[in-house]
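Residue-level structural notes
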Amino acid sequence: MDIQNAVNRLVAYGLKTDLIEKEDIIYTVNQILIILGMESADYDVKTLMALADDIDTGSIESGAFLEEVLKDIDDYAVNKGLIENDSVVYRDLFDTRLMGAMTERPGAVIRKFREKYQVSPEAATDFYYEFSRNTDYIRRYRISKDMKWVAPCEYGDLDITINLSKPEKDPKAIAAARNAKQSGYPKCQLCWENEGYSGRVDHPARENHRIIPVTIQDMKWGFQYSPYVYYNEHCIVFNSEHIPMKIDHGTFCKLFDFVKQFPHYFVGSNADLPIVGGSILSHDHFQGGHYTFAMAKAEVERTFTVKGFEDVKSGIVKWPMSVIRLAAPDYERVIALADLILNKWRGYTDEEAFIFAETEGTPHNTITPIARKRGDDYELDLVLRNNITTKEHPLGVYHPHAELHHIKKENIGLIEVMGLAVLPARLKDEMALLRKAILSGEDLRESDVLEKHADWVDAFRPKYGNINEENIDEIIRKEIGEVFMHVLEDAGVYKRNGEGQRAFDRFIGSLG
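What you are looking at is a predicted structure, and each value in this text was computed from that prediction instead of being measured.

A word on the nonpolar core. Burial of nonpolar side chains together is a common tendency in soluble globular proteins. Leu10, Phe223, Ile324, Tyr494 and Phe507 are the most contacted members of the largest nonpolar core, which totals 104 residues. Look past the residues within four positions of leucine 10 in its chain and what remains in contact with it is Ile32, Leu66, Val69, Leu70, Ile73, Leu98, Met99 and Met102. Ala294, Ile370, Leu404 and Val457 belong to the second-largest nonpolar core, a separate cluster that totals 53 residues.

What follows is the structure, encoded as structure tokens:
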């Protein structure tokens, strides 16, 4: 492999994507030489400029060009002993350093963002999202491997994704992480100290990561994109301080403060209790983006009015989970009513509906809030959550029940609440095996891998007169979507039947 050609192509990529300018070429080449342990290079500026012009834009958009170039350089680094172990974890650590050599300093990126913001908030986020993709902080070639489809159901079109973009650690990397000296820096993957960090086997490299400071309620917060982009422009907004998540009046104010600054984005928060919260409860943060989920499209099926808040449109959303939607041109009025609902829910018990505010001093009730601007109205969806457990449901009464764990066992966080299933990578291979087994009439209970799916397949098979090569894939996707619908129904505190909805109305009635 010609390492000089690979270096030239990487620099040409930087030119093509505006990560560097013509005047940066010599400096950038020399930074890459340092990383590769090379003392000299064979190139000329004019040739590199021409090479950049010849790169196909389609291969940039797909990530294919950069994937190929980085693989060539990583292969060279493995052969030269520059990469300790030939695995995805160590390759990522190494090639992120390469991309960091072509990534501008934070101050320059922030200035560009603010200049674009003067044009419009959308121009600013367009710039920053493309920048985050071009630096390979968002690895496009991995995101494209995610399996995605839409599953229509009675509540709307659910988004289903099987996450394949998060690299799985190989045994050597797992062992190295276990044996490595534990570091408290950065404190978590959301801390500002990740910006420019070189990473380690148990923490991703972030030399190519830049954070945009935003002011939220007179406090410094950070704005960045998720490297795994589960949906369009999937962003994370996080407190500059490492403090735990908490749902309160301040949360509602912060959400709308962000929406006011970026009205084309929605933003929401995971709940602040285990089981019903997100994966990182130790660092206060929100998630948002430029996407309309099925829950946002769902209609209000019945309205109600709270005394003193006649100016706020209030209603219950037709959704498998228990959602109250508030809307008004004055966001402060929406916040005031949200405060009343949150405070009431925190202390609300309805034994008949198996809703307990606390047991033995442990609180159970919280809310998952999502804010957006819709026309002239500021809108806030409040998803009622409860994390009580029982012997029958040790992972949570309002959590996917055991019969659904063959598809989804993990917590139902903000993204799932809104109607996007993030399913485990194992399902890709299991779907292929299921396809083969169903078509050949195999006994699923004879397979260690497929046995967990047997009851599910037995239940849906009679619905289809003839399962064949032409319809098997659509059937499996449709049935996975139906499982996710039931997952959301399990997570709903008020069930979608007469008894459950009457209990929901009792809570609404308690608001006054």
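Summed over all chains, the structure comprises 34 aromatic pairs. Geometrically, the ring pair formed by tyrosine 348 and phenylalanine 507 is edge-to-face, given 4.9 Å between the ring centres and 75 degrees between the ring planes. Here tyrosine 348 is found in the loop between helix H13 (331–346) and strand E11 (358–359), whereas its partner phenylalanine 507 is found in helix H18 (residues 498–509), with 159 residues between them in sequence. The two residues tyrosine 348 and phenylalanine 507 agree in class, both being buried. Summarising the aromatic geometry, the rings of phenylalanine 460 and tyrosine 464 are spaced 6.3 Å apart at their centres and angled 80 degrees between planes, so their arrangement reads as edge-to-face. Comparing phenylalanine 460 with tyrosine 464, the two get one shared label, buried. What links up through ring pairs into an aromatic cluster is the set Phe113, Tyr117, Tyr128, Tyr129, Phe223, Tyr225, Phe258, Phe262 and Tyr265.

Looking now at unusual backbone geometry. The residue after tyrosine 185, namely proline 186, is reached through a cis peptide bond having omega -15 degrees. Within the element layout of this structure, proline 186 appears in the loop between helix H10 (171–179) and strand E3 (212–216). A positive phi angle, close to 55 degrees, is found at glutamate 233, a residue other than glycine. Structurally, glutamate 233 is set in the loop between strand E4 (219–225) and strand E5 (235–239). A positive phi angle is found at isoleucine 275, which is not glycine, with a value near 75 degrees. The topology assignment puts isoleucine 275 in the loop between strand E6 (266–268) and strand E7 (285–289).

A few words now on helix H2 (residues 25–36). The first and last C-alpha atoms of H2 sit 17 Å apart over twelve residues, in line with the 16 Å expected at 1.5 Å per residue. All of the buried residues along H2 are Ile25, Thr28, Val29, Ile32, Leu33, Ile35 and Leu36. End-on, the buried residues of H2 take up no more than an arc of 160 degrees, which puts them together on one face. The secondary structure elements touched by the buried residues of H2 are helix H1 (3–16), helix H3 (45–54), helix H5 (64–79) and helix H6 (88–100). Two residues or fewer past H2, glycine 37 is found with a positive phi of approximately 70 degrees.

Our focus in this paragraph is the sheet that holds E6. What holds strands together in a sheet is hydrogen bonding between their backbones, with the strands either parallel or antiparallel. Read from one edge to the other, the open sheet built from ten strands follows the order E3-E4-E5-E7-E6-E13-E14-E10-E9-E8, with strand pairing classed as antiparallel. Single-partner strands in this sheet number two, and they are E3 and strand E8 (300–304). Averaged over all adjacent pairs, the angle separating strand axes in this sheet is 25 degrees, with direction ignored. Here E6 runs beside strand E13 (residues 365–374); their pairing, made up of two bridges, is antiparallel. Bridge pairing in E13 places valine 267 opposite alanine 371. Contacts between helix H11 (residues 249–261) and the sheet are confined to E3, E4, E5, E6, E7, E13 and strand E14 (377–386), with E13 contributing the most and set at about 20 degrees to the helix. The strands touched by H18 within the sheet are E8, strand E9 (313–317), strand E10 (323–328) and E14, with E8 carrying the most contacts at an inclination of about 35 degrees.

One open sheet holds the three strands; their spatial order is E1-E2-E15, and the pairing between them is mixed. Unpaired on one side and paired on the other, strand E1 (147–153) and strand E15 (420–423) mark the two borders of the sheet. Strand-to-strand twist of the sheet, defined as the mean angle between neighbouring strand axes without regard to direction, takes the value 20 degrees. For E1 and strand E2 (residues 156–162), the ladder comprises seven bridges, and the chain directions are antiparallel. By the bridge assignment for E2, lysine 148 is matched with threonine 161. With respect to the sheet, helix H17 (residues 472–491) is in contact with E1, E2 and E15, its orientation differing from that of E2 by roughly 105 degrees.

Summarising the element assignment, lysine 307 is placed in the loop between E8 and E9. We classify lysine 307 as exposed; its relative accessible area is 70%.

For the rest of this paragraph, the subject is the packing of H1 against H2. Axis angle and axis distance: for two packed helices, these are the angle between their axes and the distance between the axes, and together they describe the pair. Viewed as axis vectors pointing N to C, H1 and H2 meet at an angle of 135 degrees, and their least axial separation amounts to 11 Å. Considering the angle they form, H1 stands oblique to H2. Handedness of the crossing formed by H1 with H2: right-handed. For the pair H1 and H2, the contacting residues are Ile3, Val7, Leu10, Val11 and Leu15 in the first and Ile25, Thr28, Val29, Ile32 and Leu36 in the second. Along the lines of polarity and charge, the residues of the contact of H1 with H2 split into nine nonpolar, one polar and no charged.

Contact geometry for helix H15 (residues 426–440) and H17: axes closest at 10 Å, N-to-C directions at 120 degrees. When the interaxial angle is binned, H15 and H17 end up oblique. H17 is crossed by H15, and the crossing has right-handed handedness. Residues Met431, Leu434, Arg435, Ile438 and Leu439 of H15 pack against Ile472, Asp473, Ile476, Arg477 and Ile480 of H17. Class assignment of the residues belonging to the contact of H15 with H17 gives a composition of seven nonpolar, no polar and three charged.

Right, let's talk about the side chain of arginine 385 for a bit. Here arginine 385 lies in strand E14. Put simply, arginine 385 is tucked away with no salt bridge, and the nearest opposite charge, on glutamate 416, sits 7.9 Å away. Polar contacts involving the side chain of arginine 385 include one to the main-chain carbonyl oxygen of valine 276, which spans 3.3 Å. Apart from the residues lying within four places of it in its own chain, the contact partners of arginine 385 are Ala271, Val276, Met321, Trp345, His364, Asn365, Thr366, Ile367, Thr368, Ile412, Val417 and Val493.

About the thresholds
- Sequence positions are assigned chain by chain, starting from 1 and proceeding in written order.
- In keeping with the predicted nature of the model, local features appear solely for residues at pLDDT of at least 70, side-chain atom pairs appear and are counted solely at 80 or more, and the whole-chain, interface and lining totals rest on all residues.
- Hydrogen atoms and water are omitted, and side-chain values are computed over all heavy atoms in the structure.
- By convention a nonpolar core is built from buried Ala, Val, Leu, Ile, Met, Phe, Trp, Tyr and Cys residues, the set being connected through side-chain atoms within 4.5 Å.
- Remark: exposure states derive from per-residue accessible area (1.4 Å probe, protein chains only) relative to the maximum for the residue type, with buried under 20%, exposed over 50%, and partly exposed in between.
- Every residue pair with non-hydrogen atoms within 4.5 Å of one another is taken to be in contact.
- For Phe, Tyr and Trp, rings pair up if their centres lie within 6.5 Å, where Trp contributes its six-membered ring, and each pair is then called stacked (planes under 30 degrees apart), edge-to-face (over 60) or tilted (otherwise).
- A helix here means a DSSP run of H or I that spans at least four residues, while a strand means a run of E at least two residues long, and both kinds are numbered starting from the N terminus.
- To estimate how far a helix should reach, multiply one less than its number of residues by 1.5 Å.
- Directions from the helix axis toward the C-beta atoms define the arc.
- Two strands pair under a simple rule: DSSP has to find at least two bridges between them.
- Orientation is described by lines fitted to C-alpha atoms, with helices fitted over the stretch in contact, and by angles between N-to-C directions that extend from 0 to 180 degrees.
- Just so you know how the angles are binned, under 35 degrees is roughly parallel, over 145 roughly antiparallel, 65 to 115 roughly perpendicular, and the rest oblique.
- Note: crossing handedness is left-handed where the near helix turns anticlockwise from the far helix by less than a right angle, and right-handed where it turns clockwise.
- Residues are sorted three ways: Asp, Glu, Lys and Arg are charged, Ala, Val, Leu, Ile, Met, Phe, Trp, Tyr, Cys and Pro are nonpolar, and all the rest, Gly among them, are polar.
- In this tally, Asp and Glu contribute negative charge and Lys and Arg positive charge; neither His nor the terminal groups of the chain are included.
- For this document, the term salt bridge refers to a Lys or Arg side-chain nitrogen within 4 Å of an Asp or Glu carboxyl oxygen.
- As used in this structure description, the phrase polar contact means that two N or O atoms lie within 3.5 Å; if the pair is within protein, one of them must be able to donate a hydrogen and the other to accept it, and residues adjacent in sequence are counted only when both atoms belong to side chains.

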